[in-house]
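What follows is the residue order along each chain.
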Amino acid sequence: MEEVDVEPTVTNIPGIRYGKHMGFAWGPGDILVYETQFKASGPSLSGPAGPFIHQVRKDEDIYSPILRKLFNESHHIFVGLQTIKEDLPSKSKRTQFVSISRNYRSVIRACMEELQQVAVSTRDTEMATQYGNQVSILLAIELIWNLCEVLYIDAAPAGSLLLHLLDWVRLHKADVDEKARDVLQSDSPAEHHNYWDVVVSYVLQGSLVEARQMLVKQATLQPASRNTYKLMDSLLGKMPFFNPGGTETVTEFDVKWSNWHKEVESYLKDNSFASNHHLELICKILVGDEDTLLEQKELLSTWYHFLVTRLLYCHPTVKPFELHYYAQSCLTMFLDSRSVQEPLDSILLAAFEYDICLVIKDCSIVLNNWWFVAHLTDLLDHCKLLHSHNLNFGSNMREFLLLEYASGLFTHHSLWQCAVDYFDHCPELGRACLELQIERVPLDTERKALKVLRICEERQMSEQVRSICKIMAMRALRNNRLGSALSWSIRAKDAAFATLISERFLQDYCAKGTFSDLDLIDNLGPAMLLSDRLTFLGKYREFHKLYGEKRFKEAAKLLLSLMTAKIAPQSFWMTLLTDALPLLEQTEVIFSADQTNELMYCLEELTSSLNSTAPGADRPMQQEDVEQTKVELLRLSLARNLAMAVVKEGTMET
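Residues numbered from 1 in each chain as written. Predicted model: local features only at pLDDT ≥ 70, side-chain atom pairs only at ≥ 80, totals over all residues. Heavy atoms only, no water.

### Things to note about the overall build of the protein
- Secondary structure assignment for the protein yields 30 helices and three strands.
- Per-residue burial over the protein gives 44% buried out of 654 residues. (Helix = DSSP H or I, 4+ residues; strand = E, 2+ residues; numbered from the N terminus. Buried < 20%, exposed > 50% of the residue type's maximum accessible area, 1.4 Å probe, protein only.)

### Brief notes about the pattern of salt bridges
- Under the defined criterion, the tally for this structure stands at 26 salt bridges.
- Put simply, D444 and K448 hold a salt bridge, and the shortest N to O gap is 3.5 Å.
- Looking at K448, the relative accessible area reads 12%, which means it is buried.
- Each of R102, R105, R109, E142 and E149 takes part in one network of salt bridges that share partners. (Salt bridge = Lys/Arg side-chain N within 4 Å of Asp/Glu carboxyl O.)

### Brief notes about the nonpolar core
- One finds L165, W168, W303, F352, W371, F372 and L576 to be the most contacted residues of the largest nonpolar core, which totals 192 residues.
- For L165, the contacting residues outside a window of four places in its chain are L147, V150, V308, L311, L323 and F352. (Core = buried A, V, L, I, M, F, W, Y, C linked by side-chain atoms within 4.5 Å. Contact = heavy atoms within 4.5 Å.)

### Remarks on empty space enclosed by the protein
- This model, assessed by the stated rule, comprises four cavities of 30 Å³ or more.
- Considering only enclosed or pocket space, the second largest cavity measures out at about 70 Å³ in volume.
- Forming the walls of the second largest cavity are G159, L162, L163, M239, P240, F241, F242, F253, W257, L312 and P316.
- Secondary structure elements with two or more residues in the lining of the second largest cavity: α4 (160–171) and α9 (250–269). (1 Å grid on protein atoms, 1.4 Å probe; cavity = no way out; pocket = protein on both sides within 12 Å on 5 of 7 lines; lining within 4 Å. Points joined across faces, edges and corners; volume = space filled by probe spheres on them.)

### Observations regarding a nonpolar patch on the surface
- A surface patch of nonpolar side chains, amounting to about 280 Å² of accessible area, comprises L32, Y34 and I53.
- Turning to its location among the elements, L32 is positioned in strand β2 (residues 30–36). (Patch = residues over 30% accessible without salt bridge, like charges linked within 9 Å, V, L, I, M, F, W, Y side chains within 5 Å. Areas by Shrake-Rupley, 256 points an atom, 1.4 Å probe, with all protein chains shown as cover.)

### Here we look at α9
- Between its first and last C-alpha atoms α9 spans 28 Å; for 20 residues at 1.5 Å apiece the expected length is 28 Å, and the two agree.
- Listing the buried residues of α9 in full gives F253, W257, W260, H261 and V264. Taken around the axis of α9, the buried residues stretch over an arc of 105°, which confines them to a single face. More than 90 degrees from the buried face of α9, the exposed residues found are T251, K262 and K269.
- Its buried side turned inward, α9 meets α8 (226–238), α10 (277–286) and α13 (303–314).
- Once α9 ends, the next one or two residues include N271, with phi positive near 60°. (Expected span 1.5 Å × (residues − 1). Arc of directions from axis to C-beta.)

### What about the side chain of S364?
- Within the element layout of this structure, S364 appears in helix α16 (residues 356–366).
- A distance of 2.7 Å separates the side chain of S364 from the backbone oxygen of I360, its partner in a polar contact. (Polar contact = N/O pair within 3.5 Å; in protein donor to acceptor, adjacent residues only side chain to side chain.)

### Section: the packing of aromatic side chains
- According to the stated counting rule, one finds 21 aromatic pairs in the structure shown.
- Here W168 and F352 contribute two aromatic rings whose centre-to-centre distance is 6.0 Å and whose plane-to-plane angle is 75°, an arrangement assigned as edge-to-face. Of the two residues, W168 is situated in helix α4 and F352 in helix α15 (residues 343–352); the sequence distance between them amounts to 184 residues.
- Given the relative accessible area of 1%, W168 is considered buried.
- A relative accessible area of 0% means that F352 is categorised as buried.
- Centre to centre, the rings of F543 and Y547 are 6.4 Å apart; their planes meet at 40°, and the pair counts as tilted. Remark: Y547 and F543 occur in helix α26 (residues 532–548); sequence separation between them is four residues, near one turn of the helix.
- Look at F543 and you get buried, because its relative accessible area is 2%.
- Put simply, the rings of F71, F78, Y405 and Y422 touch in pairs and so form one group of aromatic residues.
- Sitting above the plane of the F334 ring, K297 keeps its charged end 5.3 Å from the centroid. (Phe/Tyr/Trp six-rings, centres within 6.5 Å; stacked < 30°, edge-to-face > 60°. Lys NZ or Arg CZ within 6 Å of the ring centre and 35° of its normal.)

### A few points about unusual backbone geometry
- Here the phi dihedral of A155 falls at roughly 50°; this positive angle occurs in a residue that is not glycine.
- In this fold, A155 is placed in the loop between α3 (125–153) and α4.
- Of note in this structure, N271 is not a glycine but carries a positive phi near 60°.
- Residue placement: N271 occurs in the loop between α9 and α10.

### Examining the packing of helix α17 (residues 371–382) against helix α18 (residues 397–409)
- Contact geometry for α17 and α18: axes closest at 9 Å, N-to-C directions at 150°. By the angle between their axes, α17 is roughly antiparallel relative to α18. Considering only the axes of α17 and α18, their crossing is left-handed. Listed contacts from α18 to W371, V373, A374, H375, T377, D378, D381 and H382 of α17 are M397, R398, L401, L402 and Y405.
- Tallied by class, residues from the contact of α17 with α18 come to seven nonpolar, three polar and three charged. (Axes fitted to C-alpha atoms, helices over the stretch in contact; angles between N-to-C directions. Parallel < 35°, antiparallel > 145°, perpendicular 65-115°, else oblique. Left-handed = near helix turned anticlockwise from the far one by under 90°. Nonpolar A, V, L, I, M, F, W, Y, C, P; charged D, E, K, R; others polar.)

Right, here's the structure in full:
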């Protein structure tokens, strides 16, 4: 795709003072704009800069609650499209692609109808205008998509092509049915002021059954002209329409249609309808008289309606490659020399010329978001219609547009989850973009963090997993939620941070005498092997459980092993030895003589290290006295236990 060749739209920012220099900061989807005191030359402007920071959003539509349904529903259709198998027969795949295209259009229509209802019911004039603009955009999107479906996805051949184009026009010219309803509900339909407009509109659309039903009412009202009306009814009824499911070939149909056309021309030349100018007008339309058709501009309303009507009554077996000739001539004839060609006209003309790339380019420029071009391009790519359109900067057109669309979704607080699937189906750059975008998702709550984490874990994005876990662990630690912090650090497999939090748990225990978050510590399992300090925390908690269950011998053995294996930090030895006191004071001997000797050795090692540290600010005198008292009690208990153990073991030997 070449460079944008139109001037970009200007966004006016209210409150910005004229002559002020602007500063800005780019974001993923928004721009922050603010006033500065900078001046290119001369002294700085006097007075402070503006107090406001203005947020300029690139895509306002994603913040509309109604249009958000469009994004969510189309996301499900998109994911379903990616699952279609490549090895299916082409006919079967085409049927599925057409079905998917109609699903997309039904979602657009549903949003459009809801927007129309809200626009009518709202009392806010500004909001009503905004909703009205959104309806107009969706109408144009659905019109373009429907035409692309007919021309590219369904790829109807000659004969069937015109039938599809008639359905396309009828769908987007719904005011005829509304007028017909008003006429039929009146007391005298045949005398209603819109009666003939409705009849002619039906003829222009090729809805001849409805036109005949309306003419019957007029024929009943005018008995003298009954034969004339009967003749017109016969001509309308005999007009052949191609049947794609039948056995008739296009050539056979063409012969039949030519015969009918000659019959209509003969009646027109014979002035068979000269007595009734309304029927004569219809007869001229049936023969495809260009001047007559152009006189009906008000009823046709658009050049592409004029195109389809002209093809219906002049070239019913038009071939796809001929369309652009008729489209260009109809556009030229229909628009006045003073009329300006609208962007929609250019897009539709490009579609009739089968220039898919130009359709996508023009839609990208005109529309205010990437939704339409991203999904249409993806569908066309699956139809194998875009393989020749590769870009020069590392990606094909489909992937480029999907990446742009998904990046926009990532700026929204809930739609970012939909964006993940779009990145997943971009094989070249999708993962790299997802890794960059996922880091920008604000982790407002733990629930949201878990969602982001699950997405990263499913895709083996280990760096992002560690980053998220560290952020959440640090946040939990700052809020003194030690259990949550430890859980996040274990998920991050961050040994250093797990050690830090384990220390905090132990400090908390020393201060309060109890553990917090017992469920987490009790169920550490293999995770306790992440760091030595975490291993000690888990084992120390296990000691308390054994003690609580009165399994004293097992508790004593575990307590001793924590010190002798150097798992416990020496700063915590005094606490462990203090925990041993109740076991030493039991009436039954818990520690054997050897175990008691090992405890004595640990106590002496601890006291020697304490003595080597002179009293100071870190260890006040009062604390030193308490520790000295603990040491004396421990020595006494250990000596008493050793004596009892020696006696018991000696007795058992004899």
